Amino acid sequence: MTERLQKILSGRGVCSRRKAEEYITAGRVRVNGITAKLGDIADPELDEILLDGKPLPSASEYVYIMLHKPRGYVTTLSDEKGRKNAAQLVADCGTRVYPVGRLDMDSEGLLLFTNDGNFANQLMHPKHEVNKTYHVVVTGYSTEKLEKLAQPVTLDGYTIRKPEVELLKMMADGRAVLAVTIHEGRNRQVRRMCDLAGMGVERLIRMSECALQLGSLPLGKWRYLTSAEVERLKK
């Protein structure tokens, strides 16, 4: 089946679609011996597609990983400030993988990595509304603020769906542990929601994404997803 070249490169885990467009424009991609142009299509099963003279990884080499990300790690693949990168924690998986979405530097918990670009794009696309649940330690808690947190708000001009919130534990010093499930993935969404509700975030842990649970995976460690987990996420 023919597809645009940038989608093929992204789908094989080579890079993002935007970066693929840059590679094509720079003349680094050739199809059947001919330098490709932006907008070209190809069939990855029938055509020879080379990037910098090398063939693309085969579709059978896809890797799916769950990391228990610690605080203090960014999820971008490169950081101009030289901060620790979550990709360093999965570097021993044997192939280059990319984070699926982001988990900000001060947050921890479940973070997926893969070299399957189509899989990553499907999970990150807003139309799929993949549920994510976080355990959040907040300051300044009150029942009124919890009720406010449970209401839809507008972030970046986008009105989020009604989140699911639950009080898990109340502490004597006014702090509380909440479970917050969101259906989008706006930048620092849960932190901004809590701020709008009048609560500060002391700790934030992503516990689940779609049907996938962080479980007992130790902090800073990773594991491969099972084939059943991958299939559930793809659905």
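Before any of the text, the structure's been laid out above.
Reading the values: rules and limits
- Residues numbered from 1 in each chain as written.
- Predicted model: local features only at pLDDT ≥ 70, side-chain atom pairs only at ≥ 80, totals over all residues.
- Heavy atoms only, no water.
- Buried < 20%, exposed > 50% of the residue type's maximum accessible area, 1.4 Å probe, protein only.
- Helix = DSSP H or I, 4+ residues; strand = E, 2+ residues; numbered from the N terminus.
- Pairing = 2+ DSSP bridges.
- Phe/Tyr/Trp six-rings, centres within 6.5 Å; stacked < 30°, edge-to-face > 60°.
- Lys NZ or Arg CZ within 6 Å of the ring centre and 35° of its normal.
- Salt bridge = Lys/Arg side-chain N within 4 Å of Asp/Glu carboxyl O.

## Description of the pairing of strand 10 (residues 132-139)
Then comes step 1: With six of its eight residues buried, strand 10 lies for the most part within the structure.
Then comes step 2: Note that strand 10 and strand 14 (residues 176-182) share seven bridges and pair antiparallel. Paired with Val136 across the two strands is Leu178, which belongs to strand 14.
Then comes step 3: Relative to strand 15 (residues 200-209), strand 10 runs antiparallel, the two sharing eight bridges. Within strand 15, the position partnered with Thr133 by the bridge is Ser208.

## A few points about the packing of aromatic side chains
Then comes step 1: Per the stated rule, a full pass over the model turns up two aromatic pairs.
Then comes step 2: Here Tyr64 and Phe119 contribute two aromatic rings whose centre-to-centre distance is 4.9 Å and whose plane-to-plane angle is 75 degrees, an arrangement assigned as edge-to-face. With Tyr64 in strand 7 (residues 64-69) and Phe119 in helix 3 (residues 117-124), the pair connects residues that are 55 residues apart, well separated along the chain.
Then comes step 3: With a relative accessible area of 12%, Tyr64 lands in the buried category.
Then comes step 4: With 4.9 Å between their ring centres and 90 degrees between their planes, Trp222 and Tyr224 make a pair best called edge-to-face.
Then comes step 5: Cation over ring: Arg28 sits above Tyr23, and NZ or CZ is 4.1 Å from the ring centre.

## Notes on the pairing of strand 14
Then comes step 1: Extensive coverage of strand 14 is indicated by the burial of seven of its seven residues.
Then comes step 2: Side chains Ala176, Leu178, Val180 and Ile182 of strand 14 all project onto a buried face; the interleaved residues Val177, Ala179 and Thr181 project onto the opposite face, where all are buried too.
Then comes step 3: Bridge count for strand 13 (residues 164-170) against strand 14 is six bridges, and the pairing is antiparallel. Across the sheet, Val165 pairs through a bridge with Val180, a residue of strand 14.
Then comes step 4: Here strand 13 folds back onto strand 14 in antiparallel fashion, the turn holding five residues, of which Gly174 has a positive phi close to 90 degrees.

## Section: the pattern of salt bridges
Then comes step 1: Under the criterion given, the structure shown has twelve salt bridges.
Then comes step 2: Its salt-bridge partner being Asp52, residue Arg28 comes within 2.6 Å of it at the nearest N-O pair. Of this pair, Arg28 sits in the loop between helix 2 (17-25) and strand 2 (29-31) while Asp52 sits in the loop between strand 5 (49-51) and strand 6 (54-55), and the two are 24 residues apart along the sequence.
Then comes step 3: The class for Arg28 is partly exposed, based on a relative accessible area of 32%.
Then comes step 4: Asp52 sits in the partly exposed class, given a relative accessible area of 43%.
Then comes step 5: Of the charged contacts, one joins Glu108 and Arg203 as a salt bridge, the two residues approaching to 3.0 Å between their closest N and O atoms. With a gap of 95 residues between them, Glu108 in strand 9 (residues 108-114) and Arg203 in strand 15 connect regions that are remote in the sequence.
Then comes step 6: On the basis of relative accessibility, which here comes to 5%, the residue Glu108 falls in the buried class.
Then comes step 7: Beyond isolated ion pairs, a larger network of salt bridges with shared partners links Asp104, Arg188 and Arg191.

The values are spatial; any link to function lies outside them.
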